[in-house]
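# Residue-level structural notes
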Amino acid sequence: RPLRGASLVSTVSQLHESRHNKRVPELPDVTVYLETVGARLIGQRLRRVALRSPFVLRSVDPPLDAVAGQIVRGLRRIGKRIVIECGPDLFLVIHLMIAGRLRWRAAGAAVGLGPKLVLAVFECDHGALYFTEAGTQKRASLTVVRGEAALQAIDRGGLEPLGASAEAFHAALQRENHTLKRALTDPRLFSGIGNAYSDEILHAARLSPLKLTRALTAAEAATLHAATQTTLLDWIGRLRARAGGQVPEKVTAFHDDMAVHGRFGQPCPVCASPVQRIVYATNECNYCARCQTGGRLLADRSLSRLLK
């Protein structure tokens, strides 16, 4: 029987509901992790890394035991990965993927985490960093790397958006002819931008997510560059303030004060038109038709399939 009215709306909502559960932490989230975890680990001796799930470790040489007793010298970001520098030329690389998170517990504090949630524990004298992952898919990973060359081999090569000039940003966009949504989230083109913040960036720039990169004018490219840097810096500031110096316990890509991401059907904060979305594969794109596409609705593939 064909679906109509409320039944259709309900069914479409259920199709999208699972997409709102988890998202990969992006540049602003990882930046706040680096700041708050770094404040607790840098300069401390890493006594050991205790594996709770053997599947999280994705390397064998150097062995994980090589980091035991090393002083943590720094933390950095490669794309969406977190890198812990342990002694000379020895690195722990954490990829949180969709459901991986980091949690800090001071020495003697209650852990309060289910045993099946914890993948690994990074222990030092005054506390421990817990690497957790919700769900059963277990995509998060931990890799031990020796040497800067091996570390840089992990880098997908994307431009760092916060340090890029307008000219370098435009050149990266034009390397391949993709939609703006795809280009911004391609780790070979831009580092650390994912589904959530690309939506916010494109809304701030008033550009359609499906506009092709090589169709951008120089003025539009400059606007997108400015919107990218402003949006990412704004959200780093917001997330930093919310963390209040603590390692954040709830890291999500959905925030009530976002303009469009995760806000399907809610009013755009600029024009009050309902936020629209396109669903593709396991992801979705959120946009305002009035602000970004001249009022034109973009095709939603899952809805189109449902309606045949």
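Quick notes on the rules
Residue indices begin from 1 for each chain and proceed along its sequence in written order. Local features in this predicted model are restricted to residues of pLDDT 70 or higher, and side-chain atom pairs are both shown and tallied only at a pLDDT of 80 or more, whereas totals for entire chains, interfaces and linings draw on every residue. As a convention, hydrogens and water are excluded, and side-chain values are obtained from all of the structure's heavy atoms. By convention a nonpolar core is built from buried Ala, Val, Leu, Ile, Met, Phe, Trp, Tyr and Cys residues, the set being connected through side-chain atoms within 4.5 Å. The buried label goes to any residue with under 20% of its type's maximum accessible area, the exposed label to any with over 50%, and the partly exposed label to all in between, with areas taken from a 1.4 Å probe on protein chains only. For the purposes of this entry, the term helix denotes a DSSP run of H or I that reaches at least four residues, the term strand denotes a run of E that reaches at least two, and both are numbered from the N terminus. Should any heavy atoms of two residues lie within 4.5 Å, those residues are counted as being in contact. For two strands to be treated as a pair, DSSP must find at least two bridges joining them. In this analysis, axes come from line fits to C-alpha atoms, helices being fitted only over the stretch in contact, and the angle between any two N-to-C directions falls in the range 0 to 180 degrees. Helix span is expected to be 1.5 Å times the residue number reduced by one. An angle below 35 degrees is read as roughly parallel, one above 145 as roughly antiparallel, one from 65 to 115 as roughly perpendicular, and any other as oblique. Should the near helix be turned counterclockwise from the far one by less than a right angle, the crossing is left-handed, whereas a clockwise turn marks it as right-handed. Any residue outside Ala, Val, Leu, Ile, Met, Phe, Trp, Tyr, Cys, Pro, Asp, Glu, Lys and Arg is labelled polar, Gly included; the first ten of those are nonpolar and the last four are charged. In what follows, salt bridge is the name for a side-chain nitrogen of Lys or Arg lying within 4 Å of a carboxyl oxygen of Asp or Glu. The arc in question is the one spanned by the directions pointing from the helix axis to the C-beta atoms. Here the aromatic set is Phe, Tyr and Trp, taking the six-membered ring for Trp, and pairing holds for ring centres within 6.5 Å; pairs whose planes are under 30 degrees apart are stacked, those over 60 apart are edge-to-face, and all others are tilted.

Among the nonpolar cores identified, the biggest contains 32 residues, and Leu92, Phe122 and Phe131 are the most heavily contacted of them. The element best represented in this core is helix 2 (residues 27-41), accounting for five residues. Ignoring any residue separated from it by four or fewer positions in sequence, one finds Leu92 in contact with Leu46, Val49, Leu64, Val67, Ile82, Val83, Ile84, Cys86, Phe122, Leu142, Thr143 and Val144. Core analysis: the next-biggest nonpolar cluster, separate from the first, contains 29 residues, Leu173, Leu207, Leu232 and Phe254 among them.

Turning our attention to the sheet that holds strand 2 (residues 70-78). Taken together, the eight strands give an open sheet; going across it, the order is 5-7-6-1-2-3-4-8, and neighbouring strands pair in antiparallel fashion. In this open sheet, the two edge strands, each paired with only one partner strand, are strand 5 (100-106) and strand 8 (141-146). Each strand of the sheet is rotated relative to its neighbour by a mean of 25°, with strand direction disregarded. Where helix 2 meets the sheet, its contacts fall on strand 2, strand 3 (81-86), strand 5, strand 6 (118-124) and strand 7 (127-133), and the angle it forms with strand 2 comes to roughly 170°.

Quick look at the environment of Pro25 now. Examined against the element boundaries, Pro25 turns out to sit in the loop between helix 1 (5-17) and helix 2. Setting aside chain neighbours within four positions, we find Pro25 in contact with Val30, Lys80, Leu96, Met97, Gly100, Arg101 and Val251.

Note: α-helices contain 3.6 residues per turn, so residues at a spacing of three or four share the same orientation. The end-to-end C-alpha distance of helix 2, which contains 15 residues, comes to 20 Å, matching closely the 21 Å that a straight helix rising 1.5 Å per residue would cover. Just past helix 2, the residue Gly43 takes up positive phi, approximately 90°.

All right, on to the packing of helix 6 (residues 195-205) against helix 7 (residues 218-243) then. The N-to-C vectors of helix 6 and helix 7 enclose an angle of 125°; their axes lie 8 Å apart at closest approach. Taken together, the axes of helix 6 and helix 7 lie oblique to each other. Crossing of helix 6 against helix 7: the hand is right-handed. Within the contact between the two elements, helix 6 uses Tyr197, Glu200, Ile201, Leu202, Ala204 and Ala205 and helix 7 uses Thr223, Leu224, Ala227, Thr228, Thr231, Leu232, Trp235 and Leu239. Considering only residue class, the contact of helix 6 with helix 7 consists of ten nonpolar, three polar and one charged.

Here the structure, examined in full by the defined rule, presents 15 salt bridges. For Arg76, the salt bridge identified is with Glu148, shortest N-O distance 3.0 Å. Taken as a pair, Arg76 in strand 2 and Glu148 in helix 3 (residues 148-152) lie far apart in primary sequence, 72 residues in all. We note a salt bridge from Arg238 to Asp234, for which the minimum N-O separation is 2.9 Å. Taken as a pair, Arg238 and Asp234 lie in helix 7 at a separation of four residues, close to a single helical turn. When its relative accessible area of 28% is taken as the criterion, Arg238 is described as partly exposed. Residue classification places Asp234 among the partly exposed residues on the basis of a relative accessible area of 34%. The network of salt bridges with shared partners includes Asp234, Arg238, Arg242 and Asp257.

To continue, consider helix 4 (residues 166-173). Residues Phe169, His170, Ala172 and Leu173 constitute the buried set of helix 4. For helix 4, the buried positions fall inside an angular range of 160° around the axis, keeping them on one side. Where the residues of helix 4 are buried, they touch helix 5 (180-184) and helix 7.

According to the stated counting rule, one finds two aromatic pairs in the structure shown. Ring geometry for Phe169 versus Phe190: centroids 4.8 Å apart, planes at 40°, classification tilted. Of this pair, Phe169 sits in helix 4 while Phe190 sits in the loop between helix 5 and helix 6, and the two are 21 residues apart along the sequence. Classification of Phe169 as buried rests on a relative accessible area of 1%.

As judged from the two bridges shared by strand 1 (residues 45-51) and strand 2, these two strands associate in the antiparallel manner. The residue bridging Leu46 from the neighbouring strand is Gln70, located in strand 2. The sheet contact formed by strand 1 and strand 6 spans five bridges and is antiparallel. Within strand 6, the position partnered with Val49 by the bridge is Phe122.

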